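Secondary and tertiary structure notes
So you can see what is in the structure, the chains are spelled out below.
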Amino acid sequence: MNDDSLPAAAIEDSMDEQEQVILLPSKMVINVTSNDAMQLSLTKGCLEVITNLGKAFNDAYNLVDMGEKLDEILSPFLFQNQTGYEILLKLDPSFEPPKAVNQGRTKLAVEESLPVFNKKEISGSKTKASQIKATQEGDERKIIFQVEQFGATREVTIKRAEKRLFQINQKSHQGDTWSVVCNTDCTIGQKLVSLQSIVRVKNELTFPVEVQYRGDTKLETCGIAEPDKCFSLPLNAVYAISTEIFFKPVGSNYTSSETAVNWRSAESMGIQQVCCPSVQQGHSGCYFTMFPEVEDIYFEAGEEKSAKCYVLTLEPSVILHNLLPLTIDYILEGTSEQQSLEQGENRALRHASVNETTLEIIIPSYQGKEWVGKRKLQKNMPDLTIWEFVAYNGSQKLTMELGLHSKLVKGSLDVSLFCPYWLLNKTERKLYYRGSDQETPIEHPPEESTLILFSFKGKSFFGGKKKLDVPKAKKAQLRIADLEWSDKFSLDTVGSSGTVQCKSKAKDTTGAEVGVTIQLSSSGLTKIATFTPFYMFLNTALDTIMVSESDRDNWVEIPPEKCYPYWPQLASKDVTIKAKVKDSAEVTVPFLINKAHTTLLKLKNEYGGISADCQVSEASMITTLRTYRAGLASIQVVNHTHKSTVSFNQSGEKTVMKLEPERAVLYTWDNALGKRELVWTCGKKKDMKNDLLQDGMDEFFADEDTKVYWVSFLDGLQRVLLFTEDLAVAANAQEAGELEQVEQEINLQIQGLGLSLLNNYTQSEVAFLGITSSGIIWEERKKRRYKALNLKECALLEAAWQNYQNQIAVGRTPNHRILLENKMEVDFADMTVVRPRTFHIRRSFENGVWVQYKTSPHQVQLHAKINRLQLDNQLSQAVFSTVLSPLPPPKSVAADSVPKPFTEVSMMMRKHEHSTVSQIKYFKVLIQEMNLKVDQGFLNAILDLFAANELVPREMETIQFKEDVKTTEKTLMDVAGLSLAEEQKNFYDYLHFSPIKIHLSFSLQTGTGSSDGKPTEIQAGVISVFLQSVGVVLTDVQDVVFKLGYFERSHSFYNQSQLMVEMTRHYAGQAIKQMYVLVLGLDVLGNPFGLLRGLSEGIEDLFYEPYQGAIQGPEEFAEGLALGVRSLFGHAVGGAAGAVSRITGTLGKGLATLTLDDEYQKKRREQLNKRPANAREGFARGGKGLVMGVFDGVTGIVRKPMEGAKQEGVSGFFKGMGKGLVGVVTRPTSGVIDFASSSFEGIRR
């Protein structure tokens, strides 16, 4: 019989039988599957409801006073008479009759309110079968009202919040029919029904205003409009002979307004400034603005909004905002009283007349001097202007330039005094600053509380106005004490951080380095630059620890629970330090503080040692010191044998320790600067090396009769190396959960998901987000699971299959064995491929969303995929119809590539019974390359959809500003993001988030904008203000490529906040800097495309093309580990090298090709990367061949997705680009990762 006729499954199973790990089926399986796509719609109204619900629950939780007394029973209905005439009410029979009822009618006097309750149900009455229907029907009530003086009767149906106009039997002198508006509103479960005129006055001022109208012979008073209240004009005032209205502040200091307001011409009137002259000669009058609003309302019982009512809103003419971190005084022309305005506060200037009044501001105490500035308040001032303040040092005139931001909000001119830059000195050393256009430096003393107001001079104040051009003059320089001036750097790159170096004038001493972090204030007007020491020590011990440079004895004290700035004196590449506890003679060995590491430094005294944990970022290197406690030792060696002695030492060191049988010892490195590798000998097993980074196990013979197992595992935070002759002890130490039966398995499969974003106010669809399934794919069976074939093979098989099915459909009997173009022979009868190799195949597809979750006593597995995600712009005449979409790989590699989902996540976590420390063996996320194309019209529509209609209240601006001031008062420990609190740590064997590659296009044009083709304005105020203050004008951007290097951590302890900070800093930092350089053309601190601090590789070495990434499912990964464990315990290990390669937990399951860019291109469209290169030593770098890499098997986890950087201002916008839009990311094989045990052995797939 021919071999070709053998069933493929039999051949495959026989090949894989030896390598397969047979796992028992899950005890419980829950499958959630959808065969159709789920379609959802989300409207702006829905978002507002959710927001209001959230606010209501939050207010209830925080016990916010809603103005109602506790236990007060509110009536379901409240009727108010604001017409100025008595009204008769006839209520619906379903209401409980009020006390003062006469023949079913109730008289409602002027300005009287009438609470009304529902009639109590008679017991035993028939209830509605449908509670919902009963509620709906019960909501509709009717009343009949009559203006008694005119005998007009009208019926009103009360059902929902609305306004309706009803005409009554009365004519004005002009022939108009008098009208009453029935205004129904809902608050706190109560329907408030107000009968009022068609004209209301809304008072947004801080003082009450008397409203007057012109009577027959004189001005008559209508009533008082209280602050923050609406006042309805009585009907006789609305329909008087003259429809003119006058205003007068309550009291005797001012007369009635000089000019009248005619409500009839409200639609064409526009904003008016109202002046009420002072009764005292020579004193300034009271000024405010009035702007009219016309509202369309329903006419009587109709459903069309064909009637109108009018609201006259009174606003302050000028509001002054103090956005300086100082108290200021101000005085207005024509007034004698000088008033103070606290930091962050704002105040309406009652006596300020736009275009006429001069405002004088005094800064009473800044740097020991009084500063004065004057200017006239003008309506058409530019948004941003310079305001010069003058002070005198004796006879010497000093000037300081601050900024003035002006904007018109609802008729009020809001003017804000601000400084472009706040400089904070947290270095505890004297600093000096100067702009490149300044000769005299500004001194900044080391006191933390001192804040410096900094600005550039003249034309450089707000930067240039050319497109994408910032003048070279707008740069600052820094000097530390008596060192030299630093290079010039920009203070405008908000959200970024870096360092500034000052060189030393002496040759034998080093210069100094200062970390710089730049944030944007809540107003968007001020950049807050914080200068911190580059080297810092945090002492979390209860004892004072002293440190000194290793070659000197210049000891400095670090008090307990304090953060201390450190300034090395010796000029060297590596900064080495020694430490000791105060009042003790024992000194540690030298250790580094400019590279990331965690090391216990031995002390031969009662303290045991000092632990040094060095964390590296772009702006600082922080070393945390603590005295010894359990878990901090580098290794605990346990000799559980009966007669074998274990000797060990650090690689390269001569000091050898011997451990007798049934003894244990804690050990740390003798040389903190040397190679961190343990060399051990036990019996015949000589000079075995272990880097102690990861779990592992093996067996050997100590002598001819004694088999010994060694196991490396975690006991809480402590790494343990155990030698034992007991197989059960070794197995328990390893706690291999890979062989366990899964207790619960949850599978979620959704074919597709569609989300439509609608703006119900503008009756338009803004965007559509779609998650869709894949097309037909063909998969081959590998071991117990199916894996997709490459695209070329899928296309050939699908074409042959369609042809095969078509022939069957027309009644033919086709040959079920078909030879394809690529010489692959397939048998569709058995669904097998026969040549060139034999394997099972199946025809399938990938769901839009697929999630699998498994849990067992000692492990958790999670595997999730999103197949394809696309966001479409649904606005008419959109510049870019597709906003976000995956970018397919180049055609040259697509045919030979396996179809990949847009995003894939794979995680395996091991749980330990006797420890709260979780061990994440493998966590990897891969996201594919994408296109992001946004036009300004779409951006504005999205902002309009998600933003609230109301502006940020001025009170909230003050609260936000005071939060900004609080950030300037933080201690060095808070600024550095340090905490003395100890968080739960987890061990991450392998954590990899892939690189992100985004092709960004941006257009200022929009199909829905103005017809003249001009660019659309940016609606996001903070972003617009920031760009203006920097002096940058946005232009169209076409296909700018953002490349963010991958994030990877292995064999490390991290707490959650630590990991979040590092991930945020990694991605957001790159995204922000590349945005500034590529899109805005600004200079940033450091090179955004160069070396990352603390790493030997540049960003180019941390990047690979996302389509080249490979990812393992957690089940497959676990099987790889279980295979090694079974081989060991089954005594089927074919030699030490074979055991090590399968058991150490670094079993690589995939080979990937790496293509690394030579450099980041700054041009708008990048060519396909052409020069591949590897990222690891040990493999040749040269040549154009593709580099195959083996990636780690045992890995790490992130327990929660990245929550993101705090979103505020432009910083939040850019971080959203780099983090929010991109989401979680992954790293496939970045170069060759050697096996910890044997880098020479090849890995079989």
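Here, residues in each chain are numbered from 1, in the same order as that chain's written sequence. Side-chain atom pairs in this predicted model are given and counted only at pLDDT of 80 or more, local residue features only at pLDDT of at least 70, and totals for whole chains, interfaces and linings cover all residues. Side-chain metrics in this entry use all non-hydrogen atoms of the structure; hydrogen atoms and water are not considered.

Note on the protein: under the UniProt heading Sequence similarities (unreviewed entry), the record states "Belongs to the VPS13 family." UniProt positions are given in the numbering used here, feature names are shortened, and annotations may be inferred rather than shown by experiment.

Let's shift gears to the overall build of the protein. A helix here means a DSSP run of H or I that spans at least four residues, while a strand means a run of E at least two residues long, and both kinds are numbered starting from the N terminus. A tally of helices and strands in the protein yields 16 helices and 78 strands. Three exposure classes are used, based on accessible area relative to the maximum for each residue type with a 1.4 Å probe and protein chains only: buried under 20%, partly exposed in between, and exposed over 50%. Counting every position in the protein, which comprises 1245 residues, the buried fraction comes to 51%. We call two residues in contact when some of their heavy atoms are within 4.5 Å. Here the analysis covers contacts within the protein between residues at least 6 apart in sequence; of these, 64% occur between residues at least 24 apart.

Regular strands place their side chains on alternate faces of the sheet. Two strands pair under a simple rule: DSSP has to find at least two bridges between them. The sheet contact formed by strand S60 (residues 777-782) and strand S61 (residues 785-788) spans 4 bridges and is antiparallel. In the sheet register, Glu780 faces S61, and the bridge partner there is Lys787. In this antiparallel pair of consecutive strands, S60 and S61, the connection spans 2 residues, and Lys783 shows a positive phi of 55°.

Moving on, we get to the packing of aromatic side chains. The description of two aromatic rings rests on the distance between their centres and on the angle between their planes. In this scheme Phe, Tyr and Trp rings, the latter by its six-membered ring, pair at centre separations within 6.5 Å, and the angle between planes marks the pair as stacked below 30 degrees, edge-to-face above 60, and tilted otherwise. Tallying each qualifying case throughout the model produces 34 aromatic pairs. Taken together, the aromatic side chains of Tyr85, Phe150, Trp178 and Tyr239 make up a single cluster linked through ring pairs. Distance and angle both matter: a charge sits over a ring if NZ of Lys or CZ of Arg is within 6 Å of the ring centre and within 35 degrees of the ring normal. The positively charged end of Arg141 is found above the aromatic ring belonging to Phe95, 5.2 Å away from the centroid. The side chain of Arg164 reaches across the aromatic face of Tyr298, ending 4.5 Å from its centre.

Burial in helix H6 (residues 727-734) covers these residues: Ala730, Ala733 and Gln734. For H6, the angular spread of buried residues about the axis comes to 95°, placing them on one side. Considering only its buried residues, H6 is in contact with strand S54 (696-701), strand S55 (707-715), strand S56 (718-724) and strand S70 (903-910). In protein, a polar contact requires one atom able to donate a hydrogen and another able to accept it; more generally it is a pair of N or O atoms within 3.5 Å, and residues adjacent in sequence count only if both atoms are side-chain atoms. At the N-terminal boundary of H6, the capping side chain belongs to Asp726, with an oxygen 2.9 Å from the backbone nitrogen of Ala728. Relevant arc is that of directions from the helix axis to the C-beta atoms, nothing else.

With that out of the way, let us pick up the nonpolar core. Here, nonpolar core means buried Ala, Val, Leu, Ile, Met, Phe, Trp, Tyr and Cys residues that are tied together by side-chain atoms lying within 4.5 Å of each other. In this structure, Leu349, Leu359, Ile361, Ile363, Leu423 and Phe531 are the most contacted members of the largest nonpolar core, which totals 116 residues. At 11 residues, helix H13 (residues 1056-1080) tops the list of elements feeding residues into this core. Those residues within four positions of Leu349 in sequence are excluded, and the remaining contacts are Ser317, Val318, Leu320, Tyr330, Leu332, Leu359 and Leu377. The next biggest cluster of nonpolar side chains, apart from the first, holds 61 residues, and it includes Phe79, Leu89, Ala225 and Phe288.

This part covers the sheet that holds strand S47 (residues 621-627). Here we have 5 strands laid out as an open sheet, ordered S42-S39-S47-S46-S45, and mixed in their pairing. Here the strands that pair on one side only, and so sit at the sheet edges, are strand S42 (562-566) and strand S45 (597-602). For this sheet, the mean inter-axis angle between neighbouring strands, taken without regard to orientation, is 20°. Across 5 bridges, the pairing between strand S39 (residues 535-539) and S47 is parallel. Each bridged residue has a counterpart across the sheet, and for Tyr535 the counterpart in S47 is Met621. With axes taken as lines fitted to C-alpha atoms, and helix axes fitted only over the stretch in contact, angles between N-to-C directions fall between 0 and 180 degrees.

This next bit is on a nonpolar patch on the surface. A grouping of Met28, Ile30 and Val32 is seen on the molecular surface, where their side chains present a nonpolar patch of about 230 Å² in accessible area. Along the chain, Met28 turns up in strand S1 (residues 28-34). By definition, no residue in a patch forms a salt bridge, and every one has over 30% relative accessible area; like charges are joined within 9 Å, nonpolar side chains (Val, Leu, Ile, Met, Phe, Trp, Tyr) within 5 Å. The Shrake-Rupley method, run with a 1.4 Å probe, gives the accessible areas here. Residue values count only the displayed protein chains as cover. By definition here, a salt bridge exists when the distance from a side-chain nitrogen of Lys or Arg to a carboxyl oxygen of Asp or Glu is within 4 Å.

Glancing now at the environment of Ile959. The residue Ile959 is located in helix H10 (residues 954-968) in this model. The class of Ile959 is partly exposed, set by a relative accessible area of 47%.

Moving on to the side chain of Ser232. Inspection of the secondary structure puts Ser232 in strand S16 (residues 229-232). Accessibility expressed as a relative area gives 4% for Ser232, which makes it buried. Within the structure, Ser232 has its side chain in polar contact with the backbone oxygen of Gln82 (distance 3.5 Å). Within the local environment of Ser232, its side chain forms a polar contact with the backbone nitrogen of Ser197, the two atoms lying 3.2 Å apart. Apart from residues no more than four positions distant in its own chain, Ser232 is found in contact with Gln82, Gln196, Ser197, Val199 and Arg200.

Moving on, we get to the sheet that holds strand S49 (residues 646-650). Taken in spatial order, the 4 strands of this open sheet run S50-S49-S52-S53, and their pairing is antiparallel. In the strand order of this sheet, the two ends are held by strand S50 (657-659) and strand S53 (685-690), each with one partner. Going across the sheet, the axis of each strand differs from the next one's by a mean of 25°, ignoring polarity. Where S49 lies against S50, 3 bridges are found, and the strand directions are antiparallel. Bridge assignment links Val646 to a residue of S50, and that residue is Leu659.

It is worth spelling out the pattern of salt bridges at this point. If you walk through the whole model with that rule in mind, you get 37 salt bridges. For the salt bridge of Arg264 with Asp176, the shortest nitrogen-to-oxygen distance reads 2.2 Å. Linking Arg264 in the loop between strand S18 (261-262) and helix H5 (266-269) with Asp176 in the loop between strand S10 (162-171) and strand S11 (177-187), this pair joins segments that are 88 residues apart in sequence. Note that Arg214 and Glu244 form a salt bridge whose closest N and O atoms lie 3.3 Å from each other. Of this pair, Arg214 sits in strand S14 (residues 209-214) while Glu244 is found in strand S17 (residues 244-249), placing the two residues 30 residues apart along the sequence.

Attention shifts here to unusual backbone geometry. In this structure, the amide linkage connecting Arg835 to the following residue, Pro836, adopts the cis form with an omega of 0°. The topology assignment puts Pro836 in the loop between strand S64 (832-835) and strand S65 (839-844). A positive phi is found at Ala481, a non-glycine position, where the angle reads about 50°. Among the secondary structure elements, Ala481 is positioned in the loop between strand S35 (476-480) and strand S36 (497-502). According to the relative accessible area criterion, Ala481 is partly exposed, its value standing at 24%. Non-glycine residue Asp687 carries a positive phi angle of around 50°. Owing to a relative accessible area of 55%, Asp687 belongs among the exposed residues under this scheme.

The next subject is the pairing of strand S69 (residues 882-886). Within S69, 4 of the 5 residues are buried, which leaves it mostly tucked inside the rest of the structure. Pairing analysis gives 3 bridges linking S69 to strand S72 (residues 930-935), with the strands arranged antiparallel. Looking at S72, one finds that Leu884 is bridged to Leu932.

Along the chain, Asn847 falls in the loop between S65 and strand S66 (849-856). Engagement of the side chain of Asn847 in a polar contact is seen with the side chain of Gln749, the distance being 3.1 Å.

Looking now at the environment of Tyr566. Looking at where Tyr566 falls in the secondary structure, it is placed in strand S42. Relative accessible area serves as the criterion here: at 4%, Tyr566 is assigned to the buried category. The sequence separation of Tyr566 and Ser548 amounts to 18 residues, and the corresponding C-alpha distance is 9.8 Å. Residue contacts for Tyr566: discarding those within four places in its chain leaves Tyr535, Phe537, Val547, Ser548, Glu549, Val556, Ile577 and Ile593.

What follows concerns the confidence of the model for the protein. Detailed reading of the predicted coordinates is not advisable wherever pLDDT falls low. For every residue, the predictor reports its confidence as pLDDT, a number between 0 and 100. Chain-level pLDDT for the protein is 78 on average; 79% of the residues reach the 70-or-more range. When the criterion is pLDDT under 50, residues 123-136 qualifies, and its contacts beyond four places in sequence or with other chains add up to 2 contacts. Overall, residues 1129-1245 carries pLDDT values under 50, and its contacts beyond four positions in sequence, including any with other chains, amount to 325 contacts.

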